[in-house]
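Coordinate inspection notes
Spelled out from the first residue to the last, the chains are:
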Amino acid sequence: MSSAAYVLALDVGGTGMKAALLDADGRPGHQTRRPTPRDQGPQAVLDAVLDLAAELRATGRRVHGADPAAAGVCVPGTVAEDEGVARYAANLGWRDVPLRSLLTERLAGLPVAVGHDVRAGGLAEGRLGAGAGVDRFLFLALGTGVAGALGIDGRIEAGAHGSAGEIGHVVVAPDGPTCGCGQRGCLEALASAAAVGRAWAAASGRPHATAADAAAAVAAGDPTARQVWREAVAALAAGLLTAVTLLDPRTVIVGGGLAEAGDLLLDPLREELRRRATFQPLPTIVPAALGDTAGCLGAGLLAWNRLSVEVPRR
């Protein structure tokens, strides 16, 4: 990376943290990853985030001879982006953490943007990835949970209360399993990577089986695995049809751990959505392009947005 202006970007997850220095085109220079010390408690997680940010700033100063122009950080849970507060993040043990003010203080007054991890990932996919040039898209992240981000003309709609995109808590099976949110039959409880892993573990008798194991068994032709997969795809199509009916996206971008199955997931999902639709115009369904770097790239874009800098689109 040259000595041109750059920003600091952090993506904080329940398992790991990703950090990078990004130029104005969204290209990463220095990158690093660290485990999230969740087992040590919420304060330890916060300290680790602040320490990593300070370390990255020091690296930037050494490489560029100047401070970053701004910093961006994205976290899971409920985020008050305008206030820069992480309202609630179960995976991190956080509640009402004033992340912007703490980072601004630690980073010697740098402007700081705080965002939601899936919306940040959607922003990156919309500007730099599979949604580039698409006027209306839905970014669907299928990981430990299920969440979405609605892209409109290059921006992400956060909603009136910062909760837009919570497709994982659309009820698709009223008599289904209890979800962590307290409802029964949420999409997240049936079609997340975690849910598929649990279903395959129960069906196969392998208590530590994962969604990746289920996908491998489906590819190998295991009939029980195929049934587990069909049920997950049916739930996913039901939730997606609700989103399509309400939002009418031109493209649906599917990311997250479950999407690593590729066409093993996307082909039956397209077919099941087509089968269920009546009057709804169907979107194009495509895989995400940026993988697990999307959140970090999106955090960098949020940092540039904080400065009202127009980031070139590819």
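Predicted, not measured: the structure shown is a model, and the values here were computed from it.

1. Describing helix H9 (residues 294-306)
Across its 13 residues, H9 extends 18 Å between first and last C-alpha, which sits within 8% of the 18 Å expected from 1.5 Å per residue. Among the 13 residues in H9, eleven count as buried, and that is most of the element. For H9, every residue scored as buried is listed here: Ala-294, Gly-295, Cys-296, Leu-297, Gly-298, Ala-299, Gly-300, Leu-301, Leu-302, Ala-303 and Trp-304. Contact partners of the buried residues in H9: strand S1 (6-12), strand S2 (16-23), strand S3 (28-35), strand S4 (71-75), strand S8 (112-116) and helix H3 (117-128).

2. What about unusual backbone geometry?
Phi is positive for Asp-153, close to 50°, though the residue is something other than glycine. As for its placement among the helices and strands, Asp-153 is situated in the loop between strand S10 (146-152) and strand S11 (155-157). The class for Asp-153 is partly exposed, based on a relative accessible area of 49%.

3. Observations regarding the packing of helix H7 (residues 223-247) against helix H8 (residues 263-276)
It is at 9 Å that the axes of H7 and H8 come closest, and there the two elements cross at 55°. One finds that H7 runs oblique with respect to H8. H8 is crossed by H7, and the crossing has right-handed handedness. For the pair H7 and H8, the contacting residues are Trp-229, Val-233, Ala-234, Leu-236, Ala-237, Ala-238, Leu-240 and Leu-241 in the first and Leu-264, Leu-265, Pro-268, Leu-269, Glu-272, Leu-273 and Arg-276 in the second. A breakdown of the residues in the contact of H7 with H8 according to their chemical character gives 13 nonpolar, no polar and two charged.

4. Details of the confidence of the model for the protein
Across the protein, the average pLDDT comes to 92, with 96% of residues at 70 or higher. For residues 309-314, every residue scores under 50 in pLDDT, and the model assigns this stretch 16 contacts once sequence neighbours within four places are set aside.

5. Details of helix H2 (residues 99-106)
Of all the positions in H2, only Leu-99, Arg-100 and Leu-103 are classed as buried. Angularly, the buried residues of H2 cover 95° about the axis, an arc narrow enough to put them on a single face. Buried residues along H2 sit against helix H1 (42-64), S4, strand S6 (85-89), strand S7 (94-97), S8 and H9. At the exit of H2 stands Ala-108, carrying a positive phi of roughly 60°.

6. Quick word on the nonpolar core
For soluble globular proteins, nonpolar side chains are generally found buried alongside one another. Counting 39 residues, the largest nonpolar core has Trp-229 and Leu-265 as the members making the most contacts within it. Put simply, the parts of the chain that give this core at least two residues each are strand S9 (136-142), helix H4 (187-191), helix H5 (193-204), helix H6 (211-219), H7, strand S12 (251-255) and H8. Apart from the residues lying within four places of it in its own chain, the contact partners of Trp-229 are Val-196, Ala-211, Ala-214, Ala-215, Val-218, Leu-258, Ala-261, Leu-264 and Leu-265.

Thresholds applied
- Residues numbered from 1 in each chain as written.
- Predicted model: local features only at pLDDT ≥ 70, side-chain atom pairs only at ≥ 80, totals over all residues.
- Heavy atoms only, no water.
- Helix = DSSP H or I, 4+ residues; strand = E, 2+ residues; numbered from the N terminus.
- Expected span 1.5 Å × (residues − 1).
- Buried < 20%, exposed > 50% of the residue type's maximum accessible area, 1.4 Å probe, protein only.
- Contact = heavy atoms within 4.5 Å.
- Axes fitted to C-alpha atoms, helices over the stretch in contact; angles between N-to-C directions.
- Parallel < 35°, antiparallel > 145°, perpendicular 65-115°, else oblique.
- Left-handed = near helix turned anticlockwise from the far one by under 90°.
- Nonpolar A, V, L, I, M, F, W, Y, C, P; charged D, E, K, R; others polar.
- pLDDT = per-residue confidence, 0-100.
- Arc of directions from axis to C-beta.
- Core = buried A, V, L, I, M, F, W, Y, C linked by side-chain atoms within 4.5 Å.

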